[in-house]
Amino acid sequence: MPVIKKNVSLKPYNTFGVDVSASYFVKANTLEKILYAINFASYNQLPIFIIGGGSNMLLTKNLNGVMVNPFIQGLTLTEETDSDAIVKVGAGMTWDALVNIAVDHGWGGIENLSNIPGSVGAAPIQNIGAYGVEAKDAIFKVEAIEIKTRKSLEFSNSECRFGYRDSIFKQELRGKVIVTHVWFKLSKKPEYQLAYGNLKEEVEKLGGVSLKNIRQAVINIRSAKLPDPAVIGNAGSFFKNPVVEDVLFQKIQQDYPDVPHFSVSESHVKIPAGWLIEQCGWKGKRVGSCGVHDKQALVLVNYGGATGEEILTLARSIQQSVYDRFHINLDMEVNIC
Ligand code: EPU
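Residues numbered from 1 in each chain as written. Predicted model: local features only at pLDDT ≥ 70, side-chain atom pairs only at ≥ 80, totals over all residues. Heavy atoms only, no water.

Participant: It is not clear to me how the overall build of the protein should be interpreted in this structure. Could you clarify?
Facilitator: From N to C terminus, the protein includes eight helices and 20 strands. In terms of overall size, the protein behaves like a compact globule, its C-alpha atoms giving a radius of gyration of 20 Å where 337 residues would be expected to give roughly 20 Å. With respect to the three principal axes, the spread of C-alpha positions in the protein is 60 × 50 × 35 Å. Expressed as a percentage of its 337 residues, the buried residues of the protein come to 49%. Accessible area of the protein: about 15800 Å², with a carbon and sulfur share of 48%. Taking the average place of the 35 positive charges on the side chains of the protein and the average place of its 34 negative ones, the gap between the two points comes to 7 Å. (Helix = DSSP H or I, 4+ residues; strand = E, 2+ residues; numbered from the N terminus. Rg over C-alpha atoms; globule rule 2.2 N^0.38 Å. Buried < 20%, exposed > 50% of the residue type's maximum accessible area, 1.4 Å probe, protein only. Areas by Shrake-Rupley, 256 points an atom, 1.4 Å probe, with all protein chains shown as cover. Lys, Arg positive; Asp, Glu negative; His and termini not counted. Charge placed at Lys NZ, Arg CZ, Asp CG, Glu CD.)

Participant: Could you clarify how one ought to interpret the site of the ligand in this entry?
Facilitator: What surrounds the ligand is a group of 23 residues, the closest being Tyr 131, Tyr 164, Tyr 196, Glu 278 and Ala 297. Note that an oxygen atom of the ligand is positioned 2.8 Å from one of the backbone N or O atoms of Ala 297. At a separation of 3.0 Å, an oxygen atom of the ligand approaches a polar side-chain atom of Glu 333. If the ligand stood free it would expose 820 Å²; the protein chains cover 82% of that surface. Of all the secondary structure elements, the ones that give two or more residues to the shell around the ligand are strand 8 (129–130), helix 5 (211–225), strand 13 (233–237) and helix 7 (273–279). The dominant element in the shell around the ligand, judged by the number of residues it contributes, is helix 7, at three residues. Grouping the constituent residues of the shell around the ligand by class yields ten nonpolar, six polar and seven charged. (Near = heavy atom within 4 Å. Polar contact = N/O pair within 3.5 Å; in protein donor to acceptor, adjacent residues only side chain to side chain. Nonpolar A, V, L, I, M, F, W, Y, C, P; charged D, E, K, R; others polar.)

Participant: What's the story with the sheet that holds strand 10 (residues 139–146) in this structure? I'm lost.
Facilitator: Hydrogen bonding along the main chain pairs the strands of a sheet, whether they run parallel or antiparallel. Here five strands make up an open sheet; going across it, the order is 6-7-12-10-11 and the pairing antiparallel. Taken across any chain shown, the strands that pair with only one partner, and hence form the sheet edges, are strand 6 (75–80) and strand 11 (152–156). Taking the axes of each pair of neighbouring strands and ignoring which way they run, one obtains an average angle of 20 degrees across the sheet. Note: strand 10 against strand 12 (residues 177–187), seven bridges, orientation antiparallel. The residue of strand 12 that forms the bridge with Ile 139 is Phe 184. With respect to the sheet, helix 2 (residues 95–105) is in contact with strand 6, strand 7 (84–90) and strand 12, its orientation differing from that of strand 12 by roughly 20 degrees. (Pairing = 2+ DSSP bridges. Axes fitted to C-alpha atoms, helices over the stretch in contact; angles between N-to-C directions. Contact = heavy atoms within 4.5 Å.)

Participant: Any chance you could explain the pattern of salt bridges here in plain terms?
Facilitator: Between side chains of opposite charge, a pair can form when the charged atoms approach closely. Enumeration according to the criterion identifies twelve salt bridges in this entry. A salt bridge links Lys 136 to Asp 137; the shortest N-O distance between them is 3.1 Å. For Asp 137, a relative accessible area of 48% gives the class partly exposed. (Salt bridge = Lys/Arg side-chain N within 4 Å of Asp/Glu carboxyl O.)

Participant: I tried to follow the packing of helix 2 against helix 5 on my own but got confused; where do I start?
Facilitator: The angle between the axes and the distance between the axes are what describe a pair of packed helices. Between helix 2 and helix 5, whose axes approach to 9 Å, the crossing angle comes to 150 degrees. Overall, the two elements helix 2 and helix 5 adopt an arrangement that is roughly antiparallel. Relative to helix 5, the crossing made by helix 2 is left-handed. Judged by residue contacts, Asp 96, Val 99, Asn 100, Val 103 and Asp 104 of helix 2 engage Leu 211, Lys 212 and Arg 215 from helix 5. Taken together, the residues of the contact of helix 2 with helix 5 sort by class into three nonpolar, one polar and four charged. (Parallel < 35°, antiparallel > 145°, perpendicular 65-115°, else oblique. Left-handed = near helix turned anticlockwise from the far one by under 90°.)

Participant: What exactly am I supposed to notice about the domain arrangement of the protein here?
Facilitator: Think of interface size as the accessible area that goes away when the parts come together; that is how it is often given. Along its sequence, the protein is organised into domain 1 (4–70), domain 2 (75–225) and domain 3 (233–336). Just the C-alpha atoms count here: the centres of domain 2 and domain 3 sit 25 Å apart. Listed per partner, the contact involves eight residues of domain 2 and eight residues of domain 3. For the pairing of domain 2 and domain 3, the buried interface totals around 750 Å² over both sides, and the portion due to carbon and sulfur atoms is 39%. A salt bridge links Arg 165 to Glu 333; the nearest nitrogen and oxygen atoms lie 3.3 Å apart. (Domains from an automatic or database assignment. Buried area = accessible area lost by both parts, 1.4 Å probe.)

Participant: It is not clear to me how the environment of Ser 187 should be interpreted in this structure. Could you clarify?
Facilitator: Residue position: Ser 187 is located in strand 12. Between the alpha carbons of Ser 187 and Gly 108 there is a distance of 4.9 Å; along the sequence they are 79 residues apart. Once residues within four sequence positions are removed from consideration, Ser 187 is found in contact with Ser 83, Asp 84, Gly 106, Trp 107 and Gly 108. Reaching out from Ser 187, the side chain makes a polar contact with the backbone nitrogen of Lys 189 at a distance of 3.1 Å.

Participant: Hey, could you run me through the packing of aromatic side chains in this one?
Facilitator: The geometry of an aromatic ring pair comes down to the distance between the two centres and the angle between the two planes. Using the criterion set out here, one finds ten aromatic pairs in the structure. Plain terms: the ring middles of Tyr 256 and Trp 275 are 5.5 Å apart, the flat faces sit at 85 degrees to each other, and that makes the pair edge-to-face. Within this pair, whereas Tyr 256 is found in the loop between helix 6 (246–255) and strand 15 (262–263), its partner Trp 275 is found in helix 7, the two being separated by 19 residues in sequence. Of the residues examined, Tyr 256 reaches a relative accessible area of 22% and is grouped as partly exposed. Given the relative accessible area of 14%, Trp 275 is considered buried. Here the aromatic cluster, defined as three or more aromatic residues joined through ring pairs, consists of Phe 16, Phe 238 and Phe 239. Positioned above the aromatic ring of Trp 183 is the side chain of Lys 141, whose terminal nitrogen or guanidinium carbon lies 4.1 Å from the ring centre. In this arrangement the basic side chain of Lys 285 is found over the ring face of Trp 282, its NZ or CZ atom lying 5.1 Å from the centre. (Phe/Tyr/Trp six-rings, centres within 6.5 Å; stacked < 30°, edge-to-face > 60°. Lys NZ or Arg CZ within 6 Å of the ring centre and 35° of its normal.)

Take a look at the structure:
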């Protein structure tokens, strides 16, 4: 039986460092404990909330319900061939601990995703991505418990319906399942992905291409740009990079010939939200206890003591400015609770 704590501050459990509370909190390191928490919530007619590493959420109010922190650990090598290793990993393992183990074993596929805060269980939910790689490229299947039926379900890679920072778990299954394990297919003969930004250059500086050097290069690049949540509260990119119609892009390019962009189809172009936000004058701007990071405008920061509502108000003002200037709606990447 897990310990069910009452009136728990969630400040240590979210990387924004916002101080709200949950009426009940359960850290569940086994399937049985997760099921116990579900039964407790159902018996008391309370909603369930799920928190992994708390690195992609903005908490705006006290939560009247049962906050479950799935904390299942462990990594099992379930299958190994000359070319691949399939591993089953507990949802509660820290994401970067998994990347570290993979790199140490010479298993490629997730090294570009080094240093992303959060837990393994959250990786499929928002299909974490960085430096030209997304979690979906390595996820083999996902195991989850359906809250309503208490049944264990399995989702193949295609059943997860992965998209850009998106999956079935963020759409129709939002709040309906709890991810317990994620299976990854990692490569013993990795194809290195070095095309993004200055990654190749950074890897060369470290002595040439290897899984370890890619991991270190990504860590170096990220640490130079992104604030460490242990030092300053943040949840990484707050918004998604918008995909806009070519016609709109051309208009913007007339006024801003240097607008960075990536073609995603014949008719659509992705524009970095960080650039749009910077053009609107927000980069490095502070509003009360929160603000926009001075090295990456896509990241909102809590300088200490900001409420979730304050950060949300700032986010909405940014959306409004970007809309007013560019006629582009920025979607939030972070989940608002
Ligand atoms: N840019 C600016 N000003 C800024 C920030 C960015 O002009 O303040 C422009 C620059 O031209 C830069 C381009 O935007 O070349 C891209 O910037 P960056 O490489 O930092 O990537 P991003 O598009 O801002 C995305 C992900 C990050 C991921 C990086 C690297 C999203 C929403 N964000 O950011 O993911 O680390 O690429 O792959 O797709 C996260 O999801 O939390 C996250 C940090």
